[in-house]
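Chain residues, written in single-letter form:
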Amino acid sequence: MEEEVARVVEQAKELQETAASLIAKSSHDEQSLRQKALSLESSVRRCRSLLNRNSRLAPKLVAKAIN
């Protein structure tokens, strides 16, 4: 009986460690995605600003890119 309890306790510890590892990885992945999204958002803003200032581009292209 003691062996069975020890085995179950060990399985619970392993499961807890696996879950903690997964949570840490998910958190890291989420942070990486947030950084990429912020970078992309900045690039989009920069492009919109450049398009707004560049009158040589076709108005339809500018309107499409801005919206």
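About the thresholds
Residues numbered from 1 in each chain as written. Predicted model: local features only at pLDDT ≥ 70, side-chain atom pairs only at ≥ 80, totals over all residues. Heavy atoms only, no water. Helix = DSSP H or I, 4+ residues; strand = E, 2+ residues; numbered from the N terminus. Areas by Shrake-Rupley, 256 points an atom, 1.4 Å probe, with all protein chains shown as cover. Salt bridge = Lys/Arg side-chain N within 4 Å of Asp/Glu carboxyl O.

Report on the overall build of the protein chain, specifying residues and quantitative values.
What the protein chain contains, in helices and strands, is two helices and zero strands. Of the accessible surface of the protein chain, which amounts to about 6,400 Å², a share of 58% is contributed by carbon and sulfur atoms.

Explain the pattern of salt bridges residue by residue, including any values.
Tallied over the full model, the rule gives four salt bridges. Note that Glu-30 is salt-bridged to Arg-34, the shortest N-O span being 2.7 Å. Of this pair, Glu-30 and Arg-34 are both found in helix α1 (residues 2-53), four residues apart, which corresponds to roughly one turn of the helix.

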